[in-house]
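# Fold and contact review
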Amino acid sequence: MKNGDNAALGFRPHSGWAAAVALGGSPRSPDVIDRRCITLIEAGSPGGVQPYHAARMMDLAKAEEFIKGVISSIDRSASLSVRSFADAINSQGYTTACCGIVLASGRALPSLEATLRSHPMVHTAEGELYRAAIAKAAKDLNLRCVRVPERDLYKFAAKQLHIPESKLKVRIAEMGRPQGSPWSADEKCATLVAWLALAGFENR
C-alpha cells in the first residue's frame, strides 16, 4: 500500500445492521482491508429493528410523527457507524473516497398511509430506511456513493469490470479467504459493490 491510496466501503444492509467491507489497492485487483458488521440502530430504539411494523398499530398522525423520529435516530446511528468504519480505514494510511450500497428491487414507496396498509410494503419501507441512512452518512462524509440492485450485481459488475461472471464469482470468494469465516453472500455482495465504487463506476 502507498500512503494515501484510495479505499472504498461496501455495504449490504439488513434490518438494524449491515455487512460492511473495505477494499483498497489497485482498482483492477483490490484487496480486502477490513470487514465487519455495523450497527444501524440504537439499542432499545422504539419499534426495534422493524419500526414500520410498530407504526401499523398507530393512527396515521401518530405513525407519521413516530416514523419521523425513527428516521432521525437511525440516521444518527448510521452516521456514527459509517464514520467509525471510514476512520478505521483512514488510520491505516488509506483515503476513504467512495462507497457502494447493495439495493433491493428499487421499488418506489407509496405514501405512508398506503405503505402501512400493505405488509409487503412495510418490509420494503424498512429495508429502504436502512439503505437511505447509509447513503446519507456517506453523503455527510463526502463519499461518492454507487448503488446497485442485488439481483443485477454480478451480471452488472462483470460488464463494468470486464471480467466474466463465473471468474468474478471465484475472485470474490478468493478475496475473502484471508478473512476467514463468515464470508457469506452478504460479505461477497458488499465486496463487489465496493469494487465497483473503487473502480470509478458512477450511477447515471
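Everything in this summary refers to the structure shown in the same document.

Criteria and cut-off values
Residues numbered from 1 in each chain as written. Predicted model: local features only at pLDDT ≥ 70, side-chain atom pairs only at ≥ 80, totals over all residues. Heavy atoms only, no water. Helix = DSSP H or I, 4+ residues; strand = E, 2+ residues; numbered from the N terminus. Buried < 20%, exposed > 50% of the residue type's maximum accessible area, 1.4 Å probe, protein only. Contact = heavy atoms within 4.5 Å. Salt bridge = Lys/Arg side-chain N within 4 Å of Asp/Glu carboxyl O. Core = buried A, V, L, I, M, F, W, Y, C linked by side-chain atoms within 4.5 Å. Expected span 1.5 Å × (residues − 1). Arc of directions from axis to C-beta.

### Notes on the environment of Met 121
Within the secondary structure, Met 121 sits in helix 4 (residues 119–140). Of the residues examined, Met 121 reaches a relative accessible area of 6% and is grouped as buried.

### Here's the deal with the environment of Gln 160
With respect to the secondary-structure elements, Gln 160 resides in helix 5 (residues 153–161). Residue classification places Gln 160 among the partly exposed positions, given a relative accessible area of 33%. Along the sequence, Gln 160 and Phe 66 sit 94 residues apart, while their C-alpha atoms lie 41 Å from each other. Excluding its chain neighbours within four sequence positions, the residues that come into contact with Gln 160 are Leu 196 and Phe 201.

### So, the pattern of salt bridges
Using the criterion set out here, one finds 8 salt bridges in the structure. Residue Arg 12 pairs with Asp 186 through a salt bridge whose shortest N-O separation is 3.6 Å. With Arg 12 in strand 1 (residues 6–13) and Asp 186 in helix 7 (residues 185–198), this residue pair connects regions lying 174 residues apart in the sequence. For the pair Arg 12 and Asp 186, a shared accessibility class is recorded, and that class is buried. Glu 128 is paired through a salt bridge with Arg 131; the nearest N and O atoms lie 3.6 Å apart. You can see Glu 128 and its partner Arg 131 sitting in helix 4, 3 residues apart, about one turn around the helix. Look at Glu 128 and you get partly exposed, because its relative accessible area is 35%. Through salt bridges with shared partners, a single network forms among Arg 12, Glu 150 and Asp 186.

### Some remarks on the nonpolar core
Core analysis: the biggest nonpolar cluster contains 38 residues, and Leu 9, Phe 11 and Ile 89 have the highest contact counts within it. Listed by contribution, the elements that provide at least two residues to this core are strand 1, strand 2 (17–26), strand 3 (29–39), helix 1 (51–55), helix 2 (60–90), strand 4 (95–103) and helix 4. Counting residues per element, this core draws most heavily on helix 2, at 10 residues. Apart from the residues within four sequence positions on either side, Ile 89 is in contact with Ala 7, Leu 9, Ala 22, Ile 33, Asp 34, Tyr 94 and Thr 96. In terms of nonpolar packing, the next biggest core, distinct from the first, is built from 27 residues, Val 148, Tyr 154, Leu 161 and Leu 168 among them.

### Side note on helix 7
With 14 residues, helix 7 extends 20 Å between its outermost C-alpha atoms, agreeing within 8% with the 20 Å of an ideal straight helix rising 1.5 Å per residue. Within helix 7, 12 of the 14 residues are buried, which leaves it mostly tucked inside the rest of the structure. Of the residues making up helix 7, those classed as buried are Asp 186, Glu 187, Cys 189, Ala 190, Thr 191, Leu 192, Val 193, Ala 194, Trp 195, Leu 196, Ala 197 and Leu 198. After helix 7 finishes, the residue Gly 200 shows a positive phi value of roughly 95°.

### Regarding helix 6 (residues 165–176)
Residue pairs three or four apart in sequence face the same way in an α-helix, which turns once every 3.6 residues. Along its 12 residues, helix 6 runs 17 Å from first to last C-alpha, staying within 8% of the 16 Å computed at 1.5 Å per residue. Along helix 6, the residues that are buried comprise Leu 168, Ile 172, Met 175 and Gly 176. Buried residues along helix 6 cover an arc of 95° about the axis, so they all sit on one side. Of the residues in helix 6, the exposed ones pointing more than 90 degrees away from the buried face are Ser 166 and Lys 167.

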